[in-house]
Amino acid sequence: MSPLLEIENLKVSYGTIEVLHGISCCLDAGDIICLLGSNGAGKTTMLKAISGILKIDSGAIRFKGTSIIDVAAPQRVSKGLVHCPEGRGIFPNLSVWENLQLGAYSRKDKHAIQRDIQRGLEWFPILEDRLSQLAGTLSGGEQQMLAMARAVMAHPQLLLLDEPSLGLAPQMIESVFEKIKLINREGVTILLVEQNAQVALEISKFAYVLETGNLILQGPSETLLNDSSIKKAYLGEAILP
Amino acid sequence: MQEFIQLVINGAALGSIYALIALGYTMVYGVLGLINFAHGDVLMVGAYAGLLAVWSIHLNAHPTLLGLLWVFVVAMVASSLLGVLIERFAYRPLRNGSKLNLLITSVGVSLLLENLCQILWGATPRVFPSILNQEIFFKVDHVAITNYLVVTFLVSVVLMIILEWIVLKTQLGRAMRAISYSHEMAMLVGISADNIIMITFMIGSALAAAAGILVVINYPQVDPTMGLLLGLKAFVAAVLGGIGSIRGAVVGALTMGILESLIAGYFSSTYRDALAFIVLILVLMIKPSGLFGHHQPEKV
Ligand SMILES: Nc1ncnc2c1ncn2[C@@H]1O[C@H](COP(=O)(O)OP(=O)(O)OP(=O)(O)O)[C@@H](O)[C@H]1O
Ligand SMILES: [Mg+2]
């Protein structure tokens, strides 16, 4: 069986400055895969290239075995590839309920949407009492919950999560990681970008480490977690306590 | 007092016409960040299309309700097609460039439309035949409600209710608001900006055409530059309400219409057109974001 997502020699630039210098990787269906790296390494850029909001210079991206390079970003969502961006990406000027509705924008089975909103509220009970509230008035943690609940509304097969724990209190971070595991248990493959390397390695099966536009290290998360020399050399003291 | 009430009612009718036009400005601004200077000219083309519709069924001989509806439909369809064409061929190719380029292009489109119409129809105004018998519908004391006022209120209120429903209650409306927040975030939930922007132009242009027909029923002539002043006043109304805000456009337009009517009634109608400029200057000086303009803090 082919992997869910295959990337070959991906190059991406902003203007004349190349920030991804030929990335190759493979994501297997059903896993949580984490993508680590320091600030400015190119993690967000890589996710943007996968979801299609950034044009790539060269390389191949195959989703479920077929190339998606010529597929526009909105159509990638209906194929099951959903990107939950850095800074949540919710619509602050819309209510929580409307945000959830828009999560299902690309779906054809409109009748099932209400049922899925109910399921979303069971998974993210924090949203239940806030349905008519403007999303912009939610707390940071609530916004992250909404962003994930909305992403799930699209019935993703692959979910790209960009720093979901950014700026949240420890307790909320724990809760966010619980939800990530929950979503994964429901059969969604997750590519998780995180600064919080320790936790990310703990919940993921496989890990990639990106440094200034190159993948410098990859392997089972367990291996990375237990090898202190790897920790020191590649992940640095700052991100691994 | 009677005179005052009459002037306010007449002004509200005028204001609801401005509102139909202002909604187009504000919606396009919402999804594209563009002041569409060609909007008034789309109205003008709609009025000409309405004229063709009148001729096509010889409506001027004896006005009927069905005929009136026909004129509205033809004008609105023609304008929305034009709006789509303008968006597709003039604005879309430039969307990723600077906003200034878009703005200048819209001025260019405006001039192009005016000159094309001048070539087609000549610069002299054409008489727009009467398609509605101007008579008094009912009267309370000395305050007269003509059937023109009734039609104006009916058409604008119905269209605004439909618009409100679309924007607030449908997936399309939610997508419009999502795009007005961010094209990129909207794409990430699967919204194609192209489609939504196109539909926005369709709706805005159709509303402008309806306004155009309401204008020419009362002031029965069409000419290639008729969209300029109307467009300008509606634009000021949208700025007064807070551009980008739908409710603001309606409130701003009603305010403008009533003020204009009062000025024309109590002072002189020569000052009525100056009002728009005075209001624009005052708004820009005192509260540039307008009555309903919002600067929402965004949480990250
Ligand atoms: N829009 C842009 N224009 C120009 N350069 C950019 C742009 N966005 C990112 N870059 C540059 O590309 C490089 C990679 O940025 P990217 O946002 O992908 O990093 P990241 O790994 O997500 O970092 P962080 O952990 O801080 O989010 C950085 O050097 C950044 O300055
Ligand atoms: Mg980033």
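Above this note sits the structure.
Engineer: Sorry if this is basic, but what is going on with the packing of helix H1 (residues 2-32) of chain B against helix H10 (residues 246-266) of chain B here?
Structural biologist: Each pair of packed helices can be summarised by the angle the axes make with each other and by the distance between the axes. Residue and element names in this part refer to chain B. The N-to-C vectors of H1 and H10 enclose an angle of 140 degrees; their axes lie 6 Å apart at closest approach. Put simply, H1 runs oblique to H10. Considering the relative orientation of H1 and H10, their crossing is right-handed. Residue composition of the contact of H1 with H10, by class: 19 nonpolar, eight polar and two charged.

Engineer: Before we go on, may I ask you to explain the nonpolar core in this structure?
Structural biologist: Taken as a class, soluble globular proteins show a tendency for nonpolar side chains to be buried jointly. Counting 99 residues, the largest nonpolar core has Tyr 91, Phe 128, Ile 191 and Ile 213 of chain B as its most contacted members. Of all the elements, helix H8 (residues 193-218) of chain B adds the most residues to this core, at 16 residues. Ile 191 of chain B has contacts with Pro 74, Leu 102 and Tyr 105 of chain A together with Ala 175, Ala 178, Ile 179, Ala 186 and Ile 196 of chain B, leaving out every residue within four places of it along the chain. With 48 residues, the next largest nonpolar core counts Phe 124, Leu 138, Leu 201 and Leu 225 of chain A among its residues.

Engineer: In this structure, what is going on with the coordination of the magnesium ion (ligand 2)? I would like to understand it.
Structural biologist: Six octahedral donors around a metal ideally make angles of 90 or 180 degrees; four tetrahedral donors ideally make 109.5 degrees. At the metal site, the magnesium ion (ligand 2) is ligated by Thr 44 of chain A (OG1) and Glu 86 of chain A (OE), and these contacts range over 1.9 to 2.7 Å. A residue pair is termed long-range when its members are at least 10 positions apart, and Thr 44 of chain A in helix H1 (residues 43-51) and Glu 86 of chain A in the loop between strand S6 (81-84) and helix H3 (96-103) qualify at 42 residues.

Engineer: Honestly, the sheet that holds strand S7 (residues 158-162) of chain A in this entry has me stumped. Any pointers?
Structural biologist: Pairing between sheet strands relies on hydrogen bonds along the backbone, with the strands arranged either parallel or antiparallel. Residues and elements named next belong to chain A. Overall, mixed pairing links the six strands, which are arranged S6-S7-S8-S3-S9-S10 in an open sheet. This sheet does not close on itself; its edge strands, each paired only once, are S6 and strand S10 (214-220). Strand after strand, the sheet turns through a mean of 15 degrees between neighbouring axes, direction not considered. Across four bridges, S6 lies against S7 in parallel orientation. The partner of Val 82 across the bridge, within S7, is Leu 159. Running over the sheet, H1 touches strand S3 (32-36), S6, S7, strand S8 (189-193) and strand S9 (206-211) and is turned about 150 degrees from S7. Sheet strands touched by helix H6 (residues 170-185): S3, S7 and S8. Its angle to S8, the strand with the most contacts, is close to 155 degrees.

Engineer: Honestly, the sheet that holds strand S2 (residues 17-27) of chain A in this entry has me stumped. Any pointers?
Structural biologist: Residues and elements named next belong to chain A. Spatially, the four strands line up as an open sheet ordered S2-S1-S4-S5, and their pairing is antiparallel. Of all the strands in the sheet, just S2 and strand S5 (66-67) have a single pairing partner and so form its edges. Where strand S1 (residues 5-14) and S2 come together, eight bridges link them in antiparallel fashion. From the neighbouring strand, Lys 11 faces S2, where its bridge partner is His 21. Packed onto the sheet, H1 meets S1, S2 and strand S4 (58-63) and runs at close to 115 degrees relative to S1.

Engineer: Explain the interface of chain A and chain B to me, please; I cannot follow it from the model alone.
Structural biologist: One frequent convention defines the size of an interface as the accessible area lost when the parts assemble. The partner chain B presents 22 residues to the 30 residues of chain A that form the contact. Across the chain A to chain B interface the summed buried area is about 2,300 Å²; carbon plus sulfur atoms make up 63%. Where chain A packs against chain B, one counts two salt bridges. For the salt bridge of Lys 48 of chain A with Glu 184 of chain B, the shortest nitrogen-to-oxygen distance reads 3.9 Å. In this structure, the connection of chain A to chain B is made through four residue pairs in polar contact (both at pLDDT 80 or more). Elements with a minimum of two residues in the side of chain A that touches chain B: H1, helix H2 (73-78), H3 and helix H5 (140-153) of chain A. The element contributing the most residues to the side of chain A that touches chain B is H3 of chain A, with four residues. Split by residue class, the side of chain A that touches chain B holds 15 nonpolar, eleven polar and four charged.

Engineer: Explanation requested: the pairing of strand S2 (residues 136-140) of chain B in the structure shown.
Structural biologist: For a regular strand, the rule is simple: side chains alternate between the two faces of the sheet. Residues and elements named next belong to chain B. The buried count for S2 comes to zero of five residues, which makes it a mostly uncovered element. Here S2 pairs with strand S3 (residues 143-146) via four bridges, running antiparallel. Across the sheet, the residue bridging to Phe 138 is Ile 145, located in S3. Hairpin remark: S2 followed by S3, antiparallel, with two residues in the connecting loop; positive phi at Asp 141, about 55 degrees.

Engineer: Could you clarify how one ought to interpret the pattern of salt bridges in this entry?
Structural biologist: Any two side chains of opposite charge can pair, given that their charged atoms come close. Residue and element names in this part refer to chain A. Using the criterion set out here, one finds 17 salt bridges over all chains in the structure. A salt bridge links Arg 62 to Glu 8, with the nearest nitrogen and oxygen atoms 2.6 Å apart. One end of the pair, Arg 62, is in strand S4; the other, Glu 8, is in strand S1, with 54 residues separating them in the sequence. Looking at Glu 8, the relative accessible area reads 40%, which means it is partly exposed. Among the salt bridges present, the one from Arg 107 reaches Asp 116, with a minimum N-O distance of 2.8 Å. The same class applies to Arg 107 and to Asp 116, which are both buried. Connected through salt bridges with shared partners, the residues Arg 107, Asp 109, Arg 115 and Asp 116 form a single ionic network.

Parameters and conventions
- Residues numbered from 1 in each chain as written.
- Chains lettered and ligands numbered in written order.
- Predicted model: local features only at pLDDT ≥ 70, side-chain atom pairs only at ≥ 80, totals over all residues.
- Heavy atoms only, no water.
- Axes fitted to C-alpha atoms, helices over the stretch in contact; angles between N-to-C directions.
- Helix = DSSP H or I, 4+ residues; strand = E, 2+ residues; numbered from the N terminus.
- Parallel < 35°, antiparallel > 145°, perpendicular 65-115°, else oblique.
- Left-handed = near helix turned anticlockwise from the far one by under 90°.
- Nonpolar A, V, L, I, M, F, W, Y, C, P; charged D, E, K, R; others polar.
- Core = buried A, V, L, I, M, F, W, Y, C linked by side-chain atoms within 4.5 Å.
- Buried < 20%, exposed > 50% of the residue type's maximum accessible area, 1.4 Å probe, protein only.
- Contact = heavy atoms within 4.5 Å.
- Donors = N, O, S within 2.8 Å, 3.2 Å for Na, K, Ca; no water.
- Pairing = 2+ DSSP bridges.
- Buried area = accessible area lost by both parts, 1.4 Å probe.
- Salt bridge = Lys/Arg side-chain N within 4 Å of Asp/Glu carboxyl O.
- Polar contact = N/O pair within 3.5 Å; in protein donor to acceptor, adjacent residues only side chain to side chain.

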